[in-house]
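Listed below are the residues making up each chain.
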Amino acid sequence: MKKNITQCVLGILVAASSVITHAQQPTTIVGMEQLAWSEIAPGVWSAQIGEAEPMTFRELAGAPSRLDDMEAMGETEFPFDESQTHGQVIGTRTSVRLPLGLTEQVYGLGVQFRNMNRRGQVYHLRTDHYGGVLGRTHAPSPFYVTSDGYGVLFNTVKWISVYPGIGNRKDSTLPPIRDRTTDPAWQARPTSDAVEASAMTEGMEVIVFAGPTPLEAVQRYNLYFGGGALVPRWGLGFWHRVPTAATAEAVTAEVDEFAKRDFPLDVIGLEPGWQSHAYPGSFDWSPVRFPDPRGFVDAMGERDLKVNLWENPYISPTSSIFEEMKPYTGSHTVWLGEVPDYTMPEARELISDHHQKSHLDIGVSGYKIDEVDGVDSWLWPDHATFPSGTSAEDMRQTYGSQVQKWQSDMFRASDTRTYGLVRGSNAGASAYPYAIYSDYYNHKGFVTALCNSSLSGVLWTPEIRSANSDEEWVRRMQTVVFSPLAMLNAWSSGLKPWSREEVIPEIRDAMKWRVRFLPYLYTAFAQYHFEGTPPFRAMVLEPGYIPSKDEKGVLDDVSNPYAQAVRRDVTDQYMMGDSLLVAPFFMGQKERTVILPIGNWYDFYTGELAGNGEVITVPADLSFIPLFVKEGGIIPLLKEANNTSVWTKGVDLEVRHYGTEAGSTRLYDDDGKTFAYDRGEYSWYAINVEKSDRGKLKGSVLQSSGDFPQTFGKIKWKFMTE
Ligand code: GAL
């Protein structure tokens with residue numbers, strides 16, 4: 001239906017609670033209508049421009065909003081000037097314009113590899129393999145969060161172009177006009193006072209998430225989409241993917257080597273060759289390489305190992321369900337396989353039923369969902385059609401989310417948690433237990449993506465695949481160990497952790513830290529689920545990172561190097577959980593700088609004071625990845641172990657305290673593998689360190705809520721700072 005501006009309807013979505021209004025002077029923007037906002041969840045407001053779209057991120061989300069947890073965050077007001085929010089539908093293009101402060105910085109807009117601050121660039125958000133164009137990425141979430149402490153989601157699955165602080169309307173507040181010849185302050189891209197966005201659609205919902213801090217805005221976003229994924233405990237152990245043509249025998253021999261050589265392992269990943277046919281895939285076991293799938297999965301289970309299966313969704317004519325699936329596939333093929341339309345319940349039922357019988361029932365723990373992101377020349381064209389009527393564009397933007405959805409639903413129906421990998425995702429995916437990965441392989445870019453993932457409601461793994469030197473091998477391993485999913489993806493290289501003999505001790509040491517951090521990391525994932533706090537986060541989300549004037553004196557870049565440092569785009573360090581700062585070394589570095597936020601920070605390994613609100617330099621040494629713990633930080637660790645099942649079986653913990661002050665943290669516990677936590681079967685433990693009048697520190701662990709039986713054993717305290 002064609003519409004003009006006057007016909008544009010600004011609808012109001014059904015409000016879950018009261019409508020909040022602010023009396024402000026409306027700003028007139030020629031031809032655009034002021035948006036009408038209604039509060040749809042605690043601290044979340046929606047405005048509809050034009051017509052409601054058939055598919056939005058809300059329908060694609062993995063779980064219902066966690067309204068009680070959002071309520072518990074406290075009351076808050078609409079975070080910026082409503083009168084400056086506008087929308088417009090002209091024909092089939094919908095646009096939106098929201099205010100942006102002159103010094104406000106913009107973060108998010110998906111898992112990008114290059115930088116973090118989005119102000120002053122144009123992003124054409126499209127699901128794609130890494131690609132060179134700004135905005136084309138594995139997870140092009142149209143969600144941003146600003147340094148003023150709120151978030152915005154353009155709730156459309158369409159290709160969307162976003163202009164954060166770029167482009168000036170003639171009826172907006174314009175900066176002074178400067179003469180390029182004589183004025184050094186002339187700008188190629190003059191500062192603008194708005195974020196504008198538009199997509200080819202006849203309407204769009206815009207959702208605003210209050211803070212008041214950037215972290216709280218991200219928390220509300222994650223909670224609105226069901227809370228972050230609480231992954232199974234085994235998912236936080238070490239993962240290893242074997243070469244694509246490996247047989248059951250070869251895999252068994254390989255995993256036994258891990259044990260013999262004393263290397264951690266929890267998950268073994270099979271690549272395309274586990275299937276009878278791949279690219280397109282049959283989803284059926286290869287009778288040649290895996291003649292006895294159940295026996296194989298059982299054999300892995302006896303070693304406390306989980307099995308993860310690679311697949312891409314394009315179905316081969318040789319698949320046992322091809323004929324049944326055929327009516328529910330699109331007009332075009334991918335690698336000559338047919339493309340199931342997973343918006344159709346029939347297609348979802350068929351594939352779930354097959355996977356349940358052939359994989360889940362014999363103990364398979366999850367999947368690596370490949371090729372749902374793109375490269376245009378591999379996937380379907382823009383004019384492809386699908387039996388449900390879903391457009392090729394909508395399908396392309398959401399295919400990864402759809403596969404995550406049916407797989408997650410299937411595991412939930414079996415009351416079994418999964419954790420897997422996916423190469424394409426989008427907004428609203430917080431509750432899906434999948435880490436995004438890429439064929440891109442730039443170490444720094446991988447760390448930047450890790451920082452950005454926390455601003456887009458997804459998880460990311462900087463997987464290790466191969467290296468050109470011992471140094472690169474160690475540095476990459478040290479990084480992936482401190483990430484949401486620690487994996488060696490040897491599908492092509494065939495490498496093993498011990499392949500580079502000179503650095504076996506460094507590699508083993510890094511991998512063992514992964515397992516030792518399990519209690520701390522699992523708690524971080526519980527916080528992701530119940531509070532929406534990303535387990536790995538960009539520094540801009542860390543309280544105390546951006547100093548207030550009172551805290552750090554005058555913030556001019558001359559007298560205050562810290563202020564200068566935090567203003568640059570910090571893409572090479574990040575937080576893991578509440579207390580740990582991770583600053584990986586990259587190839588060739590003899591030393592690196594680390595920005596320590598305000599407050600005392602201590603060296604993780606020695607407990608010594610490292611700095612406070614300053615930039616420090618750490619000399620490189622192959623044996624470690626720099627880690628820092630904040631004042632009063634408490635880190636619960638396992639004792640040395642190679643497999644996370646030691647916790648399930650009851651295990652003693654080592655609890656480390658850093659600094660000279662009292663502190664407290666929480667430890668989460670549940671069965672680690674089912675959805676019993678959704679039925680209230682979990683416990684939180686309060687870990688406290690108190691300081692006596694004479695300055696002596698003393699620790700205690702108390703069950704603070706829940707009555708899930710304790711699955712860990714005794715606690716050994718270590719006060720790391722003398
Ligand atoms: C790629 C994927 C790799 C590996 C390979 C197997 O698309 O990104 O990690 O799985 O397929 O063919």
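Higher on the page you've got the structure.
Rules and cut-offs
- Residues numbered from 1 in each chain as written.
- Predicted model: local features only at pLDDT ≥ 70, side-chain atom pairs only at ≥ 80, totals over all residues.
- Heavy atoms only, no water.
- Helix = DSSP H or I, 4+ residues; strand = E, 2+ residues; numbered from the N terminus.
- Rg over C-alpha atoms; globule rule 2.2 N^0.38 Å.
- Buried < 20%, exposed > 50% of the residue type's maximum accessible area, 1.4 Å probe, protein only.
- Contact = heavy atoms within 4.5 Å.
- Areas by Shrake-Rupley, 256 points an atom, 1.4 Å probe, with all protein chains shown as cover.
- Lys, Arg positive; Asp, Glu negative; His and termini not counted.
- Charge placed at Lys NZ, Arg CZ, Asp CG, Glu CD.
- Core = buried A, V, L, I, M, F, W, Y, C linked by side-chain atoms within 4.5 Å.
- Salt bridge = Lys/Arg side-chain N within 4 Å of Asp/Glu carboxyl O.
- Expected span 1.5 Å × (residues − 1).
- Phe/Tyr/Trp six-rings, centres within 6.5 Å; stacked < 30°, edge-to-face > 60°.
- Near = heavy atom within 4 Å.
- Polar contact = N/O pair within 3.5 Å; in protein donor to acceptor, adjacent residues only side chain to side chain.
- Nonpolar A, V, L, I, M, F, W, Y, C, P; charged D, E, K, R; others polar.
- Pairing = 2+ DSSP bridges.
- Axes fitted to C-alpha atoms, helices over the stretch in contact; angles between N-to-C directions.

Moving on: the overall build of the protein. The secondary structure content of the protein amounts to 15 helices and 35 strands. In terms of overall dimensions, the protein is globule-like: its C-alpha atoms have a radius of gyration of 26 Å, near the 27 Å expected for 722 residues. Here the C-alpha coordinates of the protein stretch approximately 75 × 70 × 55 Å along the principal axes. Residues counted as buried form 59% of the 722 residues belonging to the protein. Summarising the internal contacts of the protein: among those between residues at least 6 apart in sequence, 74% fall at separations of at least 24. Total accessible area on the protein stands at roughly 26800 Å², and carbon and sulfur atoms take up 52% of it. Each charge sign in the protein was given a centre, from 66 positive and 90 negative side chains, and these centres are 3 Å apart.

The biggest cluster of nonpolar side chains holds 185 residues, and the ones touching the most others in it are Leu270, Trp380, Phe482, Phe517, Phe525 and Leu580. Counting residues per element, this core draws most heavily on helix H12 (residues 518-531), which supplies eight residues. Once residues within four sequence positions are removed from consideration, Trp380 is found in contact with Tyr314, His332, Val334, Val339, Phe386, Ala392, Met395, Arg396 and Tyr399. In this structure, Trp37, Val89, Val96 and Ile160 belong to the second largest nonpolar core, which totals 28 residues.

Let us now look at the pattern of salt bridges. Going through the model one piece at a time under the given rule, you end up with 41 salt bridges. The partner of Lys158 in a salt bridge is Asp394, with the nearest N and O atoms 2.7 Å apart. Taken together, the residues Lys158 in the loop between strand S10 (150-154) and strand S11 (160-164) and Asp394 in helix H8 (residues 392-413) connect sequence positions 236 residues apart. For Lys158, a relative accessible area of 15% translates into the label buried. Overall, the relative accessible area of 6% leaves Asp394 in the buried class. Across the pair Arg396 and Asp376 runs a salt bridge, and its minimum N-O distance is 3.0 Å. Pair noted here: Arg396 is in helix H8 and Asp376 is in the loop between strand S19 (366-369) and H8, with a separation of 20 residues, a long-range link. When salt bridges that share partners are traced, they join Asp370, Glu371, Asp373, Arg423 and Asp439 into one network.

A word on helix H3 (residues 214-224). When you tally the buried positions in H3, you get 10 out of 11 residues, the bulk of the element. Pro214, Leu215, Ala217, Val218, Gln219, Arg220, Tyr221, Asn222, Leu223 and Tyr224 are the residues of H3 that are buried. Taken from the residues just after H3, Gly226 is the one with a positive phi, measuring 105 degrees.

Turning our eyes to something else, we now look at helix H10 (residues 470-481). With 12 residues, H10 extends 17 Å between its outermost C-alpha atoms, agreeing within 8% with the 16 Å of an ideal straight helix rising 1.5 Å per residue. For H10, the tally of buried residues reaches 10 of 12 residues, placing the bulk of the element in the interior. Of the residues making up H10, those classed as buried are Glu472, Trp473, Val474, Arg475, Arg476, Met477, Gln478, Thr479, Val480 and Val481. In this structure, the buried residues of H10 make contact with strand S14 (238-241), helix H9 (443-453), strand S23 (486-489), helix H11 (504-516) and strand S25 (574-576).

Another point: the packing of aromatic side chains. Throughout the structure, instances matching the rule amount to 57 aromatic pairs. Taken together, a centroid distance of 5.9 Å and an interplanar angle of 85 degrees make the contact between Trp239 and Tyr419 edge-to-face. Here the residue Trp239 occupies a position in strand S14, and Tyr419 occupies one in the loop between H8 and strand S20 (420-422), the gap between them amounting to 180 residues. Relative accessible area serves as the criterion here: at 1%, Trp239 is assigned to the buried category. Overall, Tyr419 belongs to the buried group, its relative accessible area being 0%. When the ring of Tyr314 is compared with that of Trp335, the centres are 6.2 Å apart and the planes differ by 50 degrees; the resulting orientation is tilted. One end of the pair, Tyr314, is in the loop between strand S16 (306-311) and helix H6 (322-325); the other, Trp335, is in the loop between strand S17 (329-334) and strand S18 (337-340), and 21 residues separate them in sequence.

Attention now goes to the site of the ligand. If you check the shell around the ligand, you find Glu271, Pro272, Tyr279, Trp310, Lys368, Asp370, Glu371, Arg423, Tyr437, Asp439, Asn489 and Trp491 and nothing else. For the ligand, an oxygen atom lies 2.3 Å from a polar atom in the side chain of Glu271. Asn489 is positioned such that a nitrogen or oxygen atom in its side chain is 3.0 Å from an oxygen atom of the ligand. Contact with the protein chains hides 95% of the accessible area of the ligand, taken as 310 Å² for the molecule alone. Among the residues making up the shell around the ligand, the classes are represented as five nonpolar, one polar and six charged.

The next thing to look at is the sheet that holds strand S27 (residues 591-603). Spatial ordering of the open sheet is given by S24-S25-S26-S29-S27-S28, a layout of six strands whose pairing is antiparallel. One side of each edge strand has no neighbouring strand; the edge strands of this open sheet are strand S24 (536-538) and strand S28 (609-619). Neighbour to neighbour, the strand axes of the sheet diverge by 25 degrees on average, direction disregarded. The pairing of S25 with strand S26 (residues 580-582) spans three bridges and is antiparallel. Bridging across to S26, Met576 finds its partner in Leu580.

Topologically, Phe708 is positioned in the loop between strand S34 (697-705) and strand S35 (715-719). Between the C-alpha atoms of Phe708 and Leu485, which are 223 residues apart in sequence, the distance is 26 Å. Setting aside residues up to four positions removed in sequence, Phe708 forms contacts with Asp669, Asp670, Asp671, Glu681, Tyr682, Ser683, Tyr685 and Gln703.

Turning to the pairing of strand S13 (residues 203-210), a few remarks are in order. Look at any regular strand and the pattern is simple: side chains alternate between the two faces of the sheet. Along S13, eight of the eight residues are buried, which leaves the element largely enclosed by surrounding structure. Where S10 and S13 come together, five bridges link them in antiparallel fashion. Within S13, the position partnered with Leu153 by the bridge is Ile207.

Of note, Asp341 is situated in the loop between S18 and helix H7 (345-358). Although buried, Asp341 forms no salt bridge, and the nearest oppositely charged side chain, Arg348, lies 7.2 Å from it. Only 2.5 Å separates the side chain of Asp341 from the side chain of Thr343, close enough to count as a polar contact. Setting aside chain neighbours within four positions, we find Asp341 in contact with Tyr328, Thr329, Ala347, Phe386, Pro387, Ser388 and Met395.

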